[in-house]
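Working through the structure, step by step
Spelled out, the chains give:
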Amino acid sequence: MKINKEASLTPKSKRPSDFSLKNARNLLGQTSECQPKVFVKTFGCQMNVRDSEVISGLLDKAGYKLTDDETKANIEILNTCSVRQLAEEKVWSAVGRSKAKIIGIVGCMANNYRESIFEKVPKVDFVVGTADIGKLPKILKEIEKHKGGILEKKIYETDADFREDEIYHTGFHLDKEHAFVVISEGCENFCSYCVVPYVRGRLRSRDYNDILKEIKDDIEAGITKITLLGQNVNAYKYEKTDFVKLIGIVNSIKGLNEFGFVTSQPKDTSVELFLAMQEADKLKKYLHLPIQSGSDRILKAMNRGYTRKYYLDLADKYRTIVRNGALTTDIIVGFPGETEKDFQDTYDVVKNVEFNAGFIFKYSIRPHTEATKMVDDVPKEEKERRHALILELQKKISRNKNANSS
Ligand code: SAH
Ligand code: SF4
Ligand code: F3S
C-alpha cells in the first residue's frame, strides 16, 4: 500500500455550472449502470449539510453521477462530524458497513485524525479536510485510476487553510426553495471543550460581494428563503461590513422572501443586532444563543467570555426589542468540575428564561482541546441524570410555549 500526499489539486475552472435541482433529480434517477455513482452521506451540523451540497455540486460539474441510494454507490463519501465522541462513533460504524468500492472520509474527522484514519480503517481510500473539499474531483480521479492496481493509492489532503470561493457557486441545492449560505468559515473562540477551531481553522469571513452573488444566483434559480451560516455569525467582518450591516444588505435583496441565521455567540451579540433584527422585515425573528452553562465558574472554565448575568440581560433585551422573537439554546452538562450547585445554576436559568427549545448535551472529551487538561470527573450516570433533568424541564417549557402560541 502506497500512501501519497497529493499537492495543489485545486480545480482551476471558474465556469458557472448550469446544474439545477430539476436535472439533479433526473440525474439521480437515470444514471447508467456502468458509470461510477457517488453517494454523499452527511453527519453533523448545517455547515456540513451545506458542505455536502458543495461536494455534490463539484462532483456533478466534473461529470460524476450522484445517487441517493447508498446500496447502488460505488463511491461513498462520508462528510463527518467530530463534535462529540458519539458523533464520531456513528461515522466509524457507517464506514464499517459501507460496501462501496471506493470510500472517503471528508470533513471534521479528516482534520481531527488525518492519515491515522488509514491505519484505523484500511478500507478508506482518501481523507480530505474541511478546507480541502475543492480538490475532491481531482482526488477521486486519481483514486479511480489506481484502484485495484499493484500500487493502490491512498490520498490525504488536510492542510489547506482557506477555501476557493468558487466552490460555493455550482448552484447545487437539495431544497427547491431554501438555501444555506456560508458567510464565515472556522472559529477562533477556542471554547475549552470544543474541537471546531481545530478542525475548521481560524475565522474567515467571505467577501460580501461573493455572498450576494451566490444569493442572487440562488434567487434566479427559484430559491426564496435562505439561512446564513457560520460557527459564530456575529463575528462576521469583511472590510467595513460587519454582521449587523450584512443583515440590512441581505434584507434588501429583491426576490428574497425570508432569511435567518445560525449560530450566535453571546459575547459577540449586541443590542445593535437586535435592533437590526427588528428592523429587517424579511428576517425570521429567531435567535439561537447557546448559553452552555448557567454557572459563572463553569462559564469561565469553558472560556465562553461572558457571565450568567450578562447572558440573562442579553436575553431580556432580545425579548424587549425583537417582539415575539423565539429564543433557543445549547447546554452542556457534566463539564469537568461541574458540581451539583453549578448544575442547579444551569437548571434555574432554563427554568427562568423559558427557551422555546434547548439542545442538551453530555460533556464529551475532545482531542486537542484545553479541557483535556482537566479531569473529566462527573461520572457517566451523573451526566445522564443531569441531562435527563434538564431535558424533561425544557420539554415541559417547550410544550407550554407551543400550546400558548397556537
Ligand atoms: N458554534 C456554535 C456551536 C457549535 S457545536 C456555538 O458556539 O454555539 C454545537 C454544540 O455542541 C455547542 O453549542 C455545544 O453545546 C455542543 N458541544 C460542543 N462541544 C462539545 C463537547 N465537547 N461535549 C458536549 N457538547 C459539545
Ligand atoms: Fe466551538 Fe465555541 Fe467556536 Fe462555538 S464559539 S464553534 S462552541 S469554539
Ligand atoms: Fe460537527 Fe464539524 Fe459541524 S465538528 S458540529 S460537523 S463544524
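The numbers attached to residues start from 1 for each chain and follow its sequence in the written order. The naming scheme follows written order: chains are lettered A onward, ligands numbered 1 onward. In keeping with the model being predicted, local features are shown solely for residues with a pLDDT of at least 70 and side-chain atom pairs are shown and tallied solely at 80 or more, while totals for entire chains, interfaces and linings include all residues. Side-chain measures were taken over the full set of non-hydrogen atoms in the model, leaving aside hydrogen atoms and water.

1. Quick look at the sheet that holds strand 8 (residues 178-182)
Strands belonging to one sheet form pairs held by backbone hydrogen bonds; the direction of such a pair is parallel or antiparallel. Here, strands pair whenever DSSP counts at least two bridges between them. In this description a helix means any DSSP run of H or I spanning at least four residues, a strand means any run of E spanning at least two, and both kinds are numbered starting from the N terminus. Reading across from one edge, 8-11-14 is the order of the 3 strands in this open sheet, with parallel pairing throughout. On the outer flanks of this sheet lie strand 8 and strand 14 (258-262), each paired with one strand and no other. Sheet twist, expressed as the mean angle between neighbouring strand axes with direction ignored, is 20 degrees. Inspection of the sheet shows strand 8 paired to strand 11 (residues 225-229) by 5 bridges, in the parallel sense. The residue bridging Ala 179 from the neighbouring strand is Ile 226, located in strand 11. In this description, a line fitted to the C-alpha atoms serves as the axis of each element, helices being fitted only across the stretch in contact, and the angle between N-to-C directions of two axes falls anywhere from 0 to 180 degrees.

2. A few points about the sheet that holds strand 17 (residues 357-362)
Spatially, 15-16-17 is the arrangement adopted by the 3 strands of the open sheet, whose pairing is parallel. Looking at which strands have only one partner, the edges of the open sheet turn out to be strand 15 (286-288) and strand 17. Across the sheet, the mean angle separating the axes of adjacent strands is 10 degrees when strand polarity is ignored. Here strand 15 pairs with strand 16 (residues 326-333) via 3 bridges, running parallel. Paired with Leu 287 across the strands is Leu 327, a residue of strand 16. The strands touched by helix 12 (residues 308-321) are strand 15 and strand 16; relative to strand 16, the strand with the most contacts, the crossing angle is about 160 degrees. Pairs of residues are marked as contacts when any of their non-hydrogen atoms sit within 4.5 Å.

3. Here's the deal with the domain arrangement of the chain
Each assigned domain of the chain is listed here: domain 1 (2-157) and domain 2 (175-405). All the domain ranges listed were derived from an automatic or database domain assignment. For domain 1 versus domain 2, the separation of C-alpha centres amounts to 29 Å. For the pair domain 1 and domain 2, the summed buried surface comes to about 1700 Å²; carbon and sulfur atoms form 57% of the total. Two parts lose some accessible area (1.4 Å probe) when they are put together, and adding that loss for both gives the buried area. Counting the surface domain 1 buries against domain 2, the share from its top three residues, Met 47, Arg 50 and Arg 84, is 33%. The rule for a salt bridge is simple: a side-chain nitrogen of Lys or Arg has to be within 4 Å of a carboxyl oxygen of Asp or Glu. If you look at where domain 1 meets domain 2, you find 3 salt bridges. Close ionic contact of Arg 366 with Glu 88 constitutes a salt bridge, the shortest N to O distance being 3.2 Å. A per-element tally of the side of domain 1 that touches domain 2 places helix 2 (residues 46-61) first, with 7 residues.

4. Examining unusual backbone geometry
Following Val 262, the chain continues into Thr 263 via a peptide bond in cis, with omega recorded as 0 degrees. By secondary structure assignment, the location of Thr 263 is in the loop between strand 14 and helix 10 (271-279). Positive phi outside glycine occurs at Glu 239, with the angle close to 50 degrees. Counting through the fold element by element, Glu 239 comes out in the loop between strand 12 (237-238) and strand 13 (241-242). Here Glu 354, not a glycine, exhibits a phi torsion of approximately 55 degrees, which is positive. Mapping Glu 354 onto the fold places it in the loop between helix 13 (340-353) and strand 17.

5. Notes on the site of ligand 3
One heavy atom within 4 Å of a molecule or strand is enough for the residue carrying it to be called near that molecule or strand. Around ligand 3, the neighbouring residues are Cys 45, Asn 48, Thr 80, Cys 81, Ser 82, Val 83, Cys 108, Arg 200 and Gln 231. Partitioning the shell around ligand 3 into residue classes produces 4 nonpolar, 4 polar and 1 charged. Each residue is assigned to one of three groups, with Ala, Val, Leu, Ile, Met, Phe, Trp, Tyr, Cys and Pro labelled nonpolar, Asp, Glu, Lys and Arg labelled charged, and all others, Gly among them, labelled polar.

6. Brief notes about helix 14 (residues 380-405)
Compared with an ideal rise of 1.5 Å per residue, which puts 26 residues at 38 Å, helix 14 spans 37 Å between its outermost C-alpha atoms and is within 8% of the ideal. Every buried residue of helix 14 is listed here: Glu 382, Lys 383, Arg 386, His 387, Ile 390, Leu 393, Gln 394, Ile 397 and Ser 398. Every helix has an expected span of 1.5 Å times one less than the residues it contains. In this scheme, a residue with accessible area under 20% of its type's maximum is buried, one over 50% is exposed, and one in between is partly exposed, where area comes from a 1.4 Å probe on protein chains only.

7. A short note on the site of ligand 1
Contacts to ligand 1 come from 15 residues, most closely from Gln 231, Pro 290, Gln 292, Asp 330 and Ser 364. Distance and chemistry together define a polar contact, namely a pair of N or O atoms within 3.5 Å, with one atom able to donate a hydrogen and the other to accept it when in protein, and with adjacent residues in sequence counting only for side-chain atoms on both sides. Note that an oxygen atom of ligand 1 is positioned 3.0 Å from one of the side-chain N or O atoms of Arg 84. With respect to ligand 1, the backbone of Ser 364 contributes an N or O atom lying 2.7 Å from a nitrogen atom. Each accessible area is a Shrake-Rupley estimate made with a 1.4 Å probe; only the visible protein chains count as cover when residues are assessed. Protein chains shield 89% of the accessible area of ligand 1, which is 550 Å² for the free molecule. Listed by contribution, the elements that provide at least two residues to the shell around ligand 1 are strand 16 and strand 17. Here the shell around ligand 1 is composed, by residue class, of 6 nonpolar, 4 polar and 5 charged.

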